[in-house]
Amino acid sequence: MALRVGFSFAEVELNQLPLLWVDFYATNGLLIHDPAIAWVYSNSGVLALADLTRPDPHQVLAQAAIFGLVYGAVVSVVRAQERGRRSYGLFFRDDREFTPDELQMLERQMQQLHEGSEPELTLAEIAALKLQSQGMRLRQIGIELGITESAVKARLNNVKRKLGARTQSQAASIAAARRIL
């Protein structure tokens, strides 16, 4: 799954596909040949991969089946007001096709994940993050905001936690993508 993909990256990615398949897919550059990904970027909704009518000259889906990804579905969620930001997911099972009810459930869940609950950053946290993203050091931010360096660290750590970022740089990227900064 890739949530809230903007111009070039997703805010959140979750990949639980078999590692051997992920390595094969990446090594062979299959993303640009994947008919499911092509469908994602020209559609919104849900589709069983068995119903995908796009050409697959590189046999991406047939190769996926070799890795146990036999029955699949693709979901694409986009809202007009978001100017192209979309979320999508590819889902697989090895025992049978997804039922219509399961497909609807996948679509609803992707819509909920896409909409997500935006974390509420305080104005103080946003101010500290903005200064940090401009290249200021903790001490400089503290002086600018009239607070201690440890208070700056606390604010920036809160931002990381609320945005689910591992680094301050990633927090700034996420905040920019969500138009917080």
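Provided above is the structure to which this section pertains.
Remember, it's a predicted structure, so these values are computed and weren't measured experimentally. (Residues numbered from 1 in each chain as written. Predicted model: local features only at pLDDT ≥ 70, side-chain atom pairs only at ≥ 80, totals over all residues. Heavy atoms only, no water.)

Structural notes on the sheet that holds strand β4 (residues 71–78)
With respect to topology, five strands assemble into an open sheet ordered β2-β1-β5-β4-β3, the strand pairing being antiparallel. Lying at the two open borders of the sheet, with one neighbouring strand each, are β2 (12–13) and β3 (45–48). Here two bridges tie strand β1 (residues 2–5) to strand β5 (residues 86–93), and the two strands are oriented antiparallel to one another. Of the residues in β5, the one forming a bridge with Ala2 is Tyr88. (Pairing = 2+ DSSP bridges. Helix = DSSP H or I, 4+ residues; strand = E, 2+ residues; numbered from the N terminus.)

A closer look at the packing of helix α5 (residues 123–133) against helix α7 (residues 149–163)
Where α5 meets α7, the axes come as close as 9 Å, and the angle between the chain directions of the two elements is 95°. Between α5 and α7, the angle is such that the two are roughly perpendicular. Across the interface between the two elements, Ala124, Glu125, Ala128, Leu129 and Gln132 of α5 pack against Arg155, Leu156, Asn158, Val159 and Lys162 of α7. Each residue belonging to the contact of α5 with α7 can be placed in one class, and the counts come to five nonpolar, two polar and three charged. (Axes fitted to C-alpha atoms, helices over the stretch in contact; angles between N-to-C directions. Parallel < 35°, antiparallel > 145°, perpendicular 65-115°, else oblique. Contact = heavy atoms within 4.5 Å. Nonpolar A, V, L, I, M, F, W, Y, C, P; charged D, E, K, R; others polar.)

Regarding the packing of α5 against helix α8 (residues 168–177)
Look at α5 against α8: their axes get within 10 Å of each other, and the N-to-C directions meet at 110°. As judged from the angle between their axes, α5 and α8 are roughly perpendicular. The way α5 lies across α8 gives a crossing that is left-handed. Across the interface between the two elements, Leu129, Gln132 and Ser133 of α5 pack against Gln168, Ala171, Ala172 and Ala175 of α8. A breakdown of the residues in the contact of α5 with α8 according to their chemical character gives four nonpolar, three polar and no charged. (Left-handed = near helix turned anticlockwise from the far one by under 90°.)

By themselves these figures say nothing about function.
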